[in-house]
Amino acid sequence: MLVRKTQADDLPHLFALRARTRENPVSLAQLEALGITPSSSAIALEQGWHIGWLCELDGCYAGFCAVDVRSGEMLVLAVAPEYEGLGIGRKLLAQAVATLQAHSAARIWLSAVPDPGLRAYGFYRQQGWHSVQVLSADEEIMEYASQLAS
Ligand SMILES: CC(C)(COP(=O)(O)OP(=O)(O)OC[C@H]1O[C@@H](n2cnc3c(N)ncnc32)[C@H](O)[C@@H]1OP(=O)(O)O)[C@@H](O)C(=O)NCCC(=O)NCCS
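The present account deals with the structure reproduced in this document. (Residues numbered from 1 in each chain as written. Predicted model: local features only at pLDDT ≥ 70, side-chain atom pairs only at ≥ 80, totals over all residues. Heavy atoms only, no water.)

## Focus on the overall build of the protein
When helices and strands are tallied, the protein shows 5 helices and 7 strands. Going from the N terminus to the C terminus, the protein shows its helices and strands as β-α-α-α-β-β-β-α-β-α-β-β. For the protein, the C-alpha radius of gyration of 15 Å lies close to 15 Å, the compact-globule estimate for 150 residues. The burial tally for the protein puts 40% of its 150 residues in the buried class. Summarising the internal contacts of the protein: among those between residues at least 6 apart in sequence, 57% fall at separations of at least 24. Carbon together with sulfur atoms contributes 53% to the accessible area of the protein, which is approximately 7,900 Å² in total. Positive and negative side-chain charges of the protein, numbering 11 and 16 respectively, have mean locations separated by a distance of 6 Å. (Helix = DSSP H or I, 4+ residues; strand = E, 2+ residues; numbered from the N terminus. Rg over C-alpha atoms; globule rule 2.2 N^0.38 Å. Buried < 20%, exposed > 50% of the residue type's maximum accessible area, 1.4 Å probe, protein only. Contact = heavy atoms within 4.5 Å. Areas by Shrake-Rupley, 256 points an atom, 1.4 Å probe, with all protein chains shown as cover. Lys, Arg positive; Asp, Glu negative; His and termini not counted. Charge placed at Lys NZ, Arg CZ, Asp CG, Glu CD.)

## Things to note about the site of the ligand
Near the ligand there are 21 residues, and of these N24, V79, E84, G89 and R90 occur at the shortest range. Between an oxygen atom of the ligand and a side-chain N or O atom of E84, the distance comes to 2.5 Å. R90 places a side-chain nitrogen or oxygen 2.6 Å from an oxygen atom of the ligand. Bound to the protein, the ligand loses 76% of the 960 Å² it would expose on its own. Where the shell around the ligand is concerned, the elements lending two or more residues are β4 (73–79), α4 (88–102) and α5 (119–126). Ranked by residue count, the leading element in the shell around the ligand is α5, at 6 residues. Classifying every residue of the shell around the ligand gives 8 nonpolar, 9 polar and 4 charged. (Near = heavy atom within 4 Å. Polar contact = N/O pair within 3.5 Å; in protein donor to acceptor, adjacent residues only side chain to side chain. Nonpolar A, V, L, I, M, F, W, Y, C, P; charged D, E, K, R; others polar.)

## Focus: the pairing of β4
By the criterion of burial, β4 is predominantly enclosed, with 6 of the 7 residues buried. With 6 bridges joining them, strand β3 (residues 60–68) and β4 adopt antiparallel strand pairing. Looking at β4, one finds that A66 is bridged to V76. Once β3 ends, the chain turns through 4 residues before running back antiparallel as β4, passing G72 with a positive phi of about 80°. (Pairing = 2+ DSSP bridges.)

## Topic: the pattern of salt bridges
Per the stated rule, a full pass over the model turns up 8 salt bridges. A salt bridge links E84 to R22, with the nearest nitrogen and oxygen atoms 2.5 Å apart. Note that E84 is positioned in the loop between β4 and α4 and R22 in the loop between α1 (11–18) and α2 (28–33), a separation of 62 residues in sequence. Two residues, E140 and R125, come together in a salt bridge whose shortest N-O distance is 3.2 Å. With a gap of 15 residues between them, E140 in strand β7 (residues 139–144) and R125 in helix α5 connect regions that are remote in the sequence. By relative accessible area, which is 28% here, R125 ends up partly exposed. Within this structure, R4, D10 and E56 form a network of salt bridges that share partners. (Salt bridge = Lys/Arg side-chain N within 4 Å of Asp/Glu carboxyl O.)

## Structural notes on unusual backbone geometry
In the Ramachandran plot, N24 falls in the positive-phi region, its phi being about 55° despite a non-glycine side chain. Tracing the sequence through the fold places N24 in the loop between α1 and α2. Phi at D58 takes a positive value of approximately 55°, unusual for a residue other than glycine. By secondary structure assignment, the location of D58 is in the loop between β2 (50–57) and β3. For D58, a relative accessible area of 67% gives the class exposed.

This is the structure in structure tokens:
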């Protein structure tokens, strides 16, 4: 299992992976409607606004995550269906948190779907995140729990 920083030429593969997760898939068209494309993400990586990490297994893209070091947001975390349950999500999430902590993020947060039926729901809670605001049936804001102590 290789975990390494995301490069611009990885991005088309990672967008394809995001579109085929078992739960919560997000298509290229949905992301493009939000102004998020491989090109816009490449600029953000190049400028240092975003930092991404990916996991390769058997020479395949198994999962990835990305953070925005300006806002403290964990932007995305996705593991391919055939690689779920192997500890890749946990490893990438820890890397994302460590990256934001290294950039002295005042608040480490993410947006998720508040559906207890989704794997991500229990996963984030088990990894030390907690809900701070439910915005709608489709969106809640979660923060990393170490901030409770500060
Ligand atoms: C959520 C996701 C990232 C988890 O990745 P993963 O690689 O399967 O997770 P891991 O194998 O690293 O699991 C880590 C831990 O979470 C635990 N876990 C997973 N789902 C859980 C749940 N529903 N409740 C409690 N714990 C859970 C696992 O048991 C494991 O615990 P352990 O480390 O003590 O063994 C992955 O399922 C995914 O990509 N889902 C689709 C995309 C998505 O929803 N992304 C989040 C969008 S906000």
